[in-house]
Amino acid sequence: MLAATSGAELIDGKAFAEALRARIGERAAAFAQYAGRRPGLAVVLVGEDPASQVYVGAKAKACEAAGIASFEHRLSADTSEAALLSLVERLNQDEAVDGILVQMPLPQGLDEQAIIAAINPDKDVDGFHVINAGRLSVGQEGFIPCTPLGCMMLLKDRLGDLSGLDAVVIGRSNIVGKPMAQLLVDANATVTIAHSRTKNLADIVRRADIVVAAVGRPEMIRGDWIKPGATVIDVGINRLPPEEGKERGRLVGDVAFAESRDVAGAITPVPGGVGPMTIAVLLRNTLVAAHHHAGMPVPEGL
Ligand code: NAD
């Protein structure tokens, strides 16, 4: 979904995510009618991290709006690893739960990898389990992390066939950069992964038809690095220090938006680009998990 701007077209992730959520809502209702229960997502929050509280609240609200049951488990910051593992095990066994999401980061002292490893990979709708990372890497069906899958949906919507295009992914995290690069390779793009030790980043970006920025550094990618006509997906969410008289600073991406949109062919804004896709894809993955769980074929349009 595109909207015209002065230079590049704006990739409207908010509108795309809304349309996806509407399709999910229809298919969740059909699922409920057939299966006799709603698809279910369990969200586990440990501690009181303010950003995590906002995310968990937004996920629960989005579930309910799409006709997906949301089971929230809020645990105190001093919860032991054994207690958290036993909750995960209970959710693994719970027939009403199709997807399990443990909100990261966990408080100090809890081993994130051990908790992720305890989730049944078929309920791992975040796609963080090594089994799902492995499935993605060898081309088997599995759960793909929500943010990169959302980016891929926007890219395919904009570009159609990605074969032979030069792509650069800036960032190599397990939740965004690496799975993003894998998805681009699978779509037949020629992919470069750049990271904190990359030399001549500007020159690498200048060659790319597709730029995916997932760094976490405000406006690091400059407009004169962008190849004319390139498609730019900005995953970064960074809050600037507040301007005088303002309580909160502006949200910006990893790409200098105003400069880049004069050069790019299409670009995602921040906010309103990749951000809304992440929750929509979480709902999508939960609905897919529910169909697998109930032995039903996954419907089209997801
Ligand atoms: P991360 O901190 O795990 O990874 C950042 C990556 O950037 C690292 O791989 C590092 O090598 C690379 N990097 C750091 N400095 C660099 C430099 N100078 N040049 C090139 N590469 C450099 O972060 P993440 O979890 O992958 O998230 C990245 C950004 O995306 C953050 O701003 C985060 O808030 C945002 N994010 C957004 C969503 C969303 O829903 N839109 C979801 C996840 C993450």
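Remember, predicted model here, so these are calculated numbers, not experimental data.

*Asks:* Residues and numbers for the site of the ligand, please.
*Replies:* Lining the immediate environment of the ligand, one finds 22 residues, of which R172, S173, H195, S196 and T278 sit closest. In the model, an oxygen atom of the ligand is placed 3.5 Å from a nitrogen or oxygen of the V235 main chain. At 3.2 Å from an oxygen atom of the ligand is found a main-chain nitrogen or oxygen belonging to I237. Computed on the free molecule, the ligand has an accessible area of 860 Å², of which 71% lies beneath the protein chains in the complex. Residue classes in the shell around the ligand are distributed as 10 nonpolar, 10 polar and 2 charged.

*Asks:* Would you mind going over the nonpolar core in detail, with residue names and values included?
*Replies:* Judged by nonpolar contacts, the single largest core of 53 residues is most densely connected at L155, L184, V212 and I233. Contributions of two or more residues to this core are made by α1 (13–35), β3 (40–46), α2 (50–65), α6 (146–159), β6 (166–170), α7 (177–186), β8 (210–213) and α10 (275–293). The element contributing the most residues to this core is α10, with 9 residues. Every residue in contact with L155, bar those within four places of it in the chain, is listed here: G160, L162, M180, L184, I210, V212, T231 and I233. Counting residues in each nonpolar core, the second largest holds 19 residues, with I170, L201, A202 and A208 among its members.

*Asks:* So what's going on with the pairing of β3? Residues and values would help.
*Replies:* The two faces of the sheet receive side chains in turn, since in a regular strand these alternate between them. Within β3, 7 of the 7 residues are buried, which leaves it mostly tucked inside the rest of the structure. Both faces of β3 are covered, namely the face carrying G40, A42, V44 and V46 and the face carrying L41, V43 and L45. As judged from the 7 bridges shared by β3 and strand β4 (residues 69–75), these two strands associate in the parallel manner. Note on β4: the bridge partner recorded for V43 is E72. In the classification by handedness, the crossover that spans β3, the intervening α2 and the parallel β4 is right-handed. Here β3 pairs with strand β5 (residues 99–102) via 4 bridges, running parallel. Considered in β5, the bridge of A42 is made with I100.

*Asks:* Account for the state of the cysteines, with residues named and values stated.
*Replies:* For the structure shown, the criterion picks out 0 disulfides. The thiol sulfur of C146 is not disulfide-bonded, and the nearest other cysteine sulfur, from C63, lies at 11 Å. In this structure C146 comes out as buried when scored by relative accessible area, which is 5%. We note that C151 lacks a disulfide partner, and the nearest cysteine sulfur, in C146, lies 11 Å from it.

*Asks:* Tell me about the sheet that holds β3, and name the residues and values.
*Replies:* What the 3 strands build is an open sheet, ordered β4-β3-β5; its pairing is parallel. This sheet does not close on itself; its edge strands, each paired only once, are β4 and β5. On average, adjacent strands in this sheet sit at an angle of 15° to one another, irrespective of strand direction. Its contacts with the sheet place helix α3 (residues 81–93) against β3, β4 and β5, and it is angled at close to 175° to β3.

*Asks:* Provide a residue-level description of the side chain of D234, including the pertinent values.
*Replies:* With respect to the secondary-structure elements, D234 resides in strand β9 (residues 231–234). Polar side-chain contacts of D234 include one of 3.2 Å to the backbone nitrogen of G236. With sequence-adjacent residues up to four places away left out, D234 is seen in contact with A213, G253, D254, V255, T268, V270 and V274.

*Asks:* If you had to explain the packing of α1 against α10 to someone new, which residues and values would you point to?
*Replies:* It is the contact of α1 with α10, at a shortest axis distance of 9 Å, that shows an interaxial angle of 20°. Here α10 runs roughly parallel to α1, going by the angle between their axes. In the crossing of α1 with α10, the sense of the turn from one axis to the other is left-handed. Contacts between α1 and α10 involve G13, K14, F16, A17, L20, R21, I24, R27, A28 and F31 from the first element and P276, M277, I279, A280, L283, R284, L287, A290 and H291 from the second.

*Asks:* Hey, could you go over the environment of G99 for me, with residue numbers and the actual values?
*Replies:* Topologically, G99 is positioned in strand β5. Classification of G99 as buried rests on a relative accessible area of 0%. Expressed as a C-alpha distance, the spacing of G99 and L283, which sit 184 residues apart in the sequence, is 9.3 Å. For G99, the contacting residues outside a window of four places in its chain are G40, L41, A42, K123 and V125.

Parameters and conventions
- Residues numbered from 1 in each chain as written.
- Predicted model: local features only at pLDDT ≥ 70, side-chain atom pairs only at ≥ 80, totals over all residues.
- Heavy atoms only, no water.
- Near = heavy atom within 4 Å.
- Polar contact = N/O pair within 3.5 Å; in protein donor to acceptor, adjacent residues only side chain to side chain.
- Areas by Shrake-Rupley, 256 points an atom, 1.4 Å probe, with all protein chains shown as cover.
- Nonpolar A, V, L, I, M, F, W, Y, C, P; charged D, E, K, R; others polar.
- Core = buried A, V, L, I, M, F, W, Y, C linked by side-chain atoms within 4.5 Å.
- Buried < 20%, exposed > 50% of the residue type's maximum accessible area, 1.4 Å probe, protein only.
- Helix = DSSP H or I, 4+ residues; strand = E, 2+ residues; numbered from the N terminus.
- Contact = heavy atoms within 4.5 Å.
- Pairing = 2+ DSSP bridges.
- Right-handed = clockwise from strand over helix to strand, strands pointing away.
- Disulfide = S-S within 2.5 Å.
- Axes fitted to C-alpha atoms, helices over the stretch in contact; angles between N-to-C directions.
- Parallel < 35°, antiparallel > 145°, perpendicular 65-115°, else oblique.
- Left-handed = near helix turned anticlockwise from the far one by under 90°.

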